[in-house]
Amino acid sequence: MTAAKLPPLPPLPRPYQDTAAYWAAARKHRFIIQKCTDCGEFQFYPRGVCSHCLSSALEWQEASGRGEVYSYSVNYRAPHPGFADKTPFVLALVTLEEGPRMMTNIVDCDPESVQIGMAVTVTFDDVTEEITLPKFRPA
Amino acid sequence: MRDVAIVGVAESDIGVVPDKSKFQLSAEASRGALEDAGLSIRDVDGIFTNIITEGGQFSSMMMAEYMGITPRYTDSTSLGGSSFVVYVEHAAMAIAAGMCDVALICHGSTNISDRGGKGGPVSHVSDVFGPTQFEEPYGISTVGAYALAAQRHMHEYGTTSEQLAEIAVATRKWASLNPKARMRDPITIDDVMNSRVIASPLHLLDCCLVTDAGGAVVLTSLERARDLKKAPVQLLGSGEAHTHRMISQMPDLTQTAAAISGKLAFERSGLSHGDIDVAEIYDSFTITVLLTLESLGFCGKGEGGDFVSNQRTAPGGDFPMNTQGGALSYTHPGMFGIFTVIEAVRQLRGECGPRQVGDARVALCNGTGGTLSSTGTIILGRD
């Protein structure tokens, strides 16, 4: 197969100082989030400081990977050519068991079956050799 | 501190304007607003714009250079579509403090011509740097983000798609009275419900237009305003706030920063909700309006669906809103905030012909920008 026949990729993250560890872990199918050792709060997305107390004393912790759907939308239009072959897809906000909320996709189910409050668990989508996106499926 | 008034407003050509650049649209709207005020570009010593430049920077320098002016006060605060309502507050502070005398707020965009005259997606980025890399790889879009809020509001409060459709239908009725509006044919609640779902629960007709347009607003001190061409429209109170940048970080998907900016505007004006004769509420989507009405306190949280029912916001209803036809039916060049201000001023001057709200004395404008991220609220009144 030639490269021209491959569908375009969705936009992918370019890891940077705050996020390199997160994406490196995802590539190994590990889901880690930051906890502040000063105030004890978890946060998402990864930052160089705690968004609760501005401390730099952050540590990475393995998250349970469990959460529930806070809201969702079944998207029928591709926002980018990289999603043209993926509609309809479920855009969702998931509240993690540890507290923070994150954007993701709900996969491995009928898009119309997704509901707010549904229990979900992390799964890993190896989009390229370098980038793996944590996504969620019904628990 | 000096009181401040709006003395000139204008649109550029609006709709599909492929032969004019966004800079020209902004400059021609500025010329129109200055003519409306009886002022000249030479009088302008403060500029406020976040017109989208290539590279996304230096907006006010670019527009000042384009129009050949040398401002001594400048502001490119970048809050998305709410920016232009927030600029009214910023300009008023600058004038009140003597930092400038004549403030020009302007915007231009060729949002539809840039897409070859058609709507639809424009993002072609391949890699994402910065925090948005936690949203874009999952297919976030503006409509997708607002759909998340709509879905949550329905879940928490039982709000229905029919109730959201009431807003689109009422706004179209206002547009039918405005010859400049892009979409003027009447629609029904069934039309909205039967339009295709873009991002559930939002249908095509829950979404704003994509157009080209420019707009401009001129402010000066109330004292100077009284010597100008038209009756001044005084700024009575204002507020601004933002709660997040990315929708995934929004503290509560059912409440916007208007809960803060609106409260400030009412407090600073000394007025209450019952004093508002006409409301211009940024309607990027029907859900934006519903959340804003609740957040501003026109009704309780969760009561927005009932509030807008029975065409309450339509011509002849007891809550005239988005009287030029809104972003849903009049125009929407990517950032709409300035058009809420232009229409409020025209309503207070009594210039609106068939869509005039009888004896409108006090108007409220609320701009929303980003993804339900930022708001600016202003309350305007006749001098």
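Everything below is about the structure printed above this text.
Let me sum up the structure you'll find in this document. This structure is a prediction, so every number in the text was calculated from the model and none was measured. (Residues numbered from 1 in each chain as written. Chains lettered and ligands numbered in written order. Predicted model: local features only at pLDDT ≥ 70, side-chain atom pairs only at ≥ 80, totals over all residues. Heavy atoms only, no water.)

With that out of the way, let us pick up the overall build of chain A. Regarding its fold elements, chain A presents 1 helix and 9 strands. Ordered by position from N to C terminus, the α and β elements of chain A give β-α-β-β-β-β-β-β-β-β. Seen through its principal axes, chain A has C-alpha atoms that stretch 50 × 35 × 25 Å. Considering only intrachain contacts with a sequence separation of at least 6, the fraction spanning at least 24 residues in chain A is 51%. (Helix = DSSP H or I, 4+ residues; strand = E, 2+ residues; numbered from the N terminus. Contact = heavy atoms within 4.5 Å.)

Residues and elements named next belong to chain B. Counting through the fold element by element, M63 comes out in helix α2 (residues 59–67). For the pair M63 and G270, spaced 207 residues apart in sequence, the C-alpha separation works out to 36 Å. Excluding its chain neighbours within four sequence positions, the residues that come into contact with M63 are F23, S26, A27, I47, T49 and I51.

In this section: the pairing of strand β12 (residues 374–382) of chain B. The side chains of a regular strand alternate, first on one face of the sheet and then on the other. Residue and element names in this part refer to chain B. Among the 9 residues in β12, 8 count as buried, and that is most of the element. One ladder, built from 9 bridges, connects strand β9 (residues 233–242) with β12; its direction is antiparallel. Residue L235 lies in a different strand from β12, and its bridge partner there is L380. Alignment of strand β11 (residues 362–369) against β12, held across 8 bridges, turns out to be antiparallel. The partner of A363 across the bridge, within β12, is L380. Hairpin connection between β11 and β12: a loop of 4 residues separates the two successive antiparallel strands, and G370 in this loop has a positive phi of roughly 75 degrees. (Buried < 20%, exposed > 50% of the residue type's maximum accessible area, 1.4 Å probe, protein only. Pairing = 2+ DSSP bridges.)

By a widely used convention, the size of an interface equals the accessible area lost when the partners come together. Listed per partner, the contact involves 40 residues of chain B and 40 residues of chain A. A combined buried area of about 3500 Å² lies between chain B and chain A, and 60% of that area is made up of carbon and sulfur atoms. Per-residue buried area on chain B facing chain A is highest for F134(B), Y138(B) and L148(B); these three make up 23% of the total on that side. For the interface between chain B and chain A, the tally reads 1 salt bridge. Note that R14(A) is salt-bridged to D127(B), the shortest N-O span being 2.8 Å. Summed over the shared surface of chain B and chain A, the result is 20 residue pairs in polar contact (both at pLDDT 80 or more). Residue assignment for the side of chain B that touches chain A shows that the elements contributing at least two residues are β5 (127–128), α4 (142–157) and β6 (197–199) of chain B. Looking at the side of chain B that touches chain A element by element, the count peaks at 8 residues for α4(B). Class assignment of the residues belonging to the side of chain B that touches chain A gives a composition of 21 nonpolar, 14 polar and 5 charged. Two strands pair when backbone bridges link them, and strand β1 (residues 12–13) of chain A and β5(B) are joined in this way by 2 bridges, in the parallel orientation. Paired with P13(A) across the strands is V128(B), a residue of β5(B). (Buried area = accessible area lost by both parts, 1.4 Å probe. Salt bridge = Lys/Arg side-chain N within 4 Å of Asp/Glu carboxyl O. Polar contact = N/O pair within 3.5 Å; in protein donor to acceptor, adjacent residues only side chain to side chain. Nonpolar A, V, L, I, M, F, W, Y, C, P; charged D, E, K, R; others polar.)

Residues and elements named next belong to chain B. The mixed open sheet is built from 9 strands, whose spatial order is β3-β2-β4-β8-β1-β9-β12-β11-β10. The open sheet has two free edges, formed respectively by β3 (73–75) and β10 (278–281), since each of these has just one partner strand. Taken over all neighbouring pairs, the strand axes of this sheet differ in orientation by 25 degrees on average, direction set aside. Strand direction decides the pairing type here: strand β1 (residues 4–11) and β9, joined by 2 bridges, are antiparallel. For A5, the partnering residue across the bridge sits in β9 and is Q234. Of the strands in this sheet, β9, β11 and β12 are in contact with helix α8 (residues 258–269), which crosses β9 at around 150 degrees. (Axes fitted to C-alpha atoms, helices over the stretch in contact; angles between N-to-C directions.)

All names here are of chain B. Tallied over the full model, the rule gives 28 salt bridges over all chains. A salt bridge links E156 to R152; its shortest N-O distance comes to 2.8 Å. With E156 and R152 both in helix α4 and 4 residues apart, this pair spans about one turn of that helix. By sharing partners, the salt bridges in this structure join R2, D45, R72 and D101 into a single network.

Quick look at the sheet that holds strand β2 (residues 32–36) of chain A now. Residue and element names in this part refer to chain A. With respect to topology, 3 strands assemble into an open sheet ordered β3-β2-β4, the strand pairing being antiparallel. Of all the strands in the sheet, just β3 (42–43) and β4 (58–62) have a single pairing partner and so form its edges. Relative to β4, β2 is paired through 5 bridges, and the arrangement is antiparallel. When the sheet's bridge partners are listed, C36 is paired in β4 with L58.

Turning our eyes to something else, we now look at the packing of aromatic side chains. A full pass over the atoms with the stated rule returns 22 aromatic pairs over all chains. The interplanar angle of 70 degrees and the centroid separation of 5.6 Å between the aromatic rings of Y22(A) and F44(A) together place this pair among those described as edge-to-face. Linking Y22(A) in helix α1 (residues 20–27) with F44(A) in the loop between β3 and β4, this pair joins segments that are 22 residues apart in sequence. Ring pairs connect the aromatic residues Y22(A), W23(A), F31(A), F44(A), Y45(A), F136(A) and F134(B), which therefore count as one cluster. Just above the ring of Y45(A) sits the side chain of R47(A); from NZ or CZ to the centre is 4.0 Å. For the cation-ring pair, R312(B) lies above F307(B), with the distance from its terminal atom to the ring centre recorded as 4.0 Å. (Phe/Tyr/Trp six-rings, centres within 6.5 Å; stacked < 30°, edge-to-face > 60°. Lys NZ or Arg CZ within 6 Å of the ring centre and 35° of its normal.)

A few words on unusual backbone geometry. In this chain, F44(A) is followed by Y45(A) through a cis amide linkage whose omega measures 5 degrees. Tracing the chain through its elements places Y45(A) in the loop between β3 and β4. In this model, S200(B) is joined to P201(B) through a cis peptide bond whose omega is 5 degrees. Here P201(B) lies in the loop between β6 and β7 (202–203). Of note in this structure, L54(A) is not a glycine but carries a positive phi near 65 degrees. Take L54(A): it is sitting in the loop between β3 and β4. With relative accessibility at 65%, the residue L54(A) sits in the exposed group.

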